[in-house]
Amino acid sequence: MVAASEDSVVIQPAKRAGEPTVVTVNCPDQTGLGCDLCRAILDFGLCITRGDVSTDGKWCYLVFWVVPRSTSSNIQWPSLKNRLLSLCPSCSIPFYFDMANRPMTSQMYLLKLFSVDRKGLLHDVTKVLCELELTIHRVKVSTTPDGRVVDLFFITDAMELLHTKARRDDTCGRLSAVLGESVNSCEIELAESFQHGFSSLPPAAMEELFRLEMSGGEVCSQSLSPEMKRLKKADVNVDNSLSHSHTLIQIHCVDQKGLLYDIMRTLKDCSIQVAYGRFLSDKRGSREVDLFVQHSDGKKVIDPDKQDILSSRLKLEMLHPLRVAIANRGPDVELLVANPVELCGKGRPRVFHDVTLALKLLGICIFSAEIGRHTAFERQWEVYRFLLDDSRELPLANSQARSQIVDRVRRTMMGW
């Protein structure tokens, strides 16, 4: 196998504002590579408007047309290229990291931020961390009665440089520059211990979050916004008549943020490898996806039961890639957001960023926040818990206000 080089990833900048940037990846193939690449693109705040995938089982060629999700996004294209290169098989990235000083495994760090509370504070911190390619694994946010905030972020560094004083100082300096006089102090230290778990979820909340299964093509719980109702029209067709060696999966559905990632994640977890694929969109906000696939052992998807399972799983992930609910937690009101974790243990990127953005735009303050892992129905979920402060504009005791919060959070995460 030929080793991957820096030319394995080529990023062609957009010629004019509003046009897509073209990202090309040409490297050795492996099952799940498409999912990993789509996850990285999503993590950089980009939307894939079109995609082409081709592989002979040993070598693959992928092209993605991408645009920033937000016009205010400052995309670090060199960093994206480095991230994609790190995902290419047989690519150890010796050409842009000092291997002598780079830790062999990702270290968990604890960021301690002490500041004065204000609306949107948590999102502003999260935005800086995302721009610095720092991945948030767990958060503990608490507010004292005198309006002080203690933010504890368990983070890892995609560039593996937080072990250096310069990187830690740069992170705290960026936070101080954005937050201004609100910051009292900022510290980053190696985390002594880290666990994903947290206190158990209330039974009612578990029912609302995890029993969003489909029965006969219908939704079993949660009232849906008009966009969510349109998602029920998602069509998945499995066809074995067009190829002697591959199964064709045709998908037609409403567009949403991270759609290609959700499709590729599902196929990866089902050990399905894509040989050829095309991802297109139309002006009406719909997506068409054609994928020629095989099992990881090179065989077609022939078994009718396996076809039904794969089709149902794809429909479910398109309908409910993210779960949102509001529940009472004692005298407080708690916003809950859940997403399935990949079998390899990776959670969905930018969920915390999008939820805090939605709450900031609604003018709702977060009293405390927490991220953890929960197992339900033989799947592991990443669960985000936010205790909300009441507001005059959206009183949390009002059912209509609660529905408005859930809808806004869901729409932000889905990119609507």
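Where an unreviewed UniProt entry is consulted, the chain appears under the name ACT domain-containing protein ACR, with the organism given as Musa troglodytarum. The heading Function (unreviewed entry) in the UniProt record of the chain holds the text "Binds amino acids."

Caption draft 1: Structural context of helix α5 (residues 203-210). Buried within α5 we find Ala 205, Leu 209 and Phe 210. Projected down its long axis, α5 shows its buried positions confined to an angular sector of 100°, all on one face. Of the residues in α5, the exposed ones pointing more than 90 degrees away from the buried face are Pro 203 and Ala 204.

Caption draft 2: Examining the sheet that holds strand β15 (residues 323-329) more closely. With antiparallel pairing, 8 strands are arranged side by side in an open sheet as β8-β5-β7-β6-β17-β18-β16-β15. Only two strands of the sheet have a single neighbouring strand rather than two, namely β8 (183-190) and β15. Strand-to-strand twist of the sheet, defined as the mean angle between neighbouring strand axes without regard to direction, takes the value 25°. Both strand β6 (residues 134-143) and strand β7 (residues 148-157) contribute to a ladder of 9 bridges, which runs antiparallel. Following the sheet pairing, Ile 136 is matched in β7 by Ile 155. Across the sheet, α5 is in contact with β15, β16 (332-340), β17 (366-376) and β18 (379-388); its angle to β15 comes to roughly 170°. Contacts from helix α10 (residues 399-414) reach β15 and β16, with the element oriented near 145° to β15.

Caption draft 3: Summary view of the nonpolar core. Membership of the largest hydrophobic core comes to 50 residues, with the highest contact counts inside it found for Phe 153, Leu 335, Phe 352 and Val 409. Setting aside residues no more than four positions away along its own chain, Phe 352 makes contact with Leu 122, Thr 126, Ile 136, Val 139, Phe 153, Ala 369, Ile 371, Tyr 384 and Phe 386. One finds Val 23, Val 236, Cys 253 and Leu 310 within the second-largest nonpolar core, a separate group that totals 47 residues.

Caption draft 4: Seen up close, the sheet that holds strand β1 (residues 9-12). Read from one edge of the open sheet, 8 strands run β1-β2-β4-β3-β13-β14-β12-β11, paired in antiparallel fashion. A strand with exactly one partner marks an edge of an open sheet, and here the two such strands are β1 and β11 (235-239). If you compare each strand with its neighbour and ignore which way they point, the axes differ by 20° on average. Where strand β3 (residues 46-55) meets strand β13 (residues 272-281), 4 bridges bridge the pair, whose relative direction is antiparallel. Considered in β13, the bridge of Val 53 is made with Gly 277. Along the sheet, helix α1 (residues 33-43) contacts β2 (21-28), β3 and β4 (59-68); its crossing angle with β4, the most-contacted strand, is approximately 20°. Against the sheet, helix α7 (residues 259-269) touches β3, β4, β12 (247-254), β13 and β14 (286-295), its axis set at about 165° to β13.

Cut-offs used in this document
- Residues numbered from 1 in each chain as written.
- Predicted model: local features only at pLDDT ≥ 70, side-chain atom pairs only at ≥ 80, totals over all residues.
- Heavy atoms only, no water.
- UniProt positions renumbered as here; feature names shortened; annotations may be inferred.
- Buried < 20%, exposed > 50% of the residue type's maximum accessible area, 1.4 Å probe, protein only.
- Helix = DSSP H or I, 4+ residues; strand = E, 2+ residues; numbered from the N terminus.
- Arc of directions from axis to C-beta.
- Pairing = 2+ DSSP bridges.
- Axes fitted to C-alpha atoms, helices over the stretch in contact; angles between N-to-C directions.
- Contact = heavy atoms within 4.5 Å.
- Core = buried A, V, L, I, M, F, W, Y, C linked by side-chain atoms within 4.5 Å.

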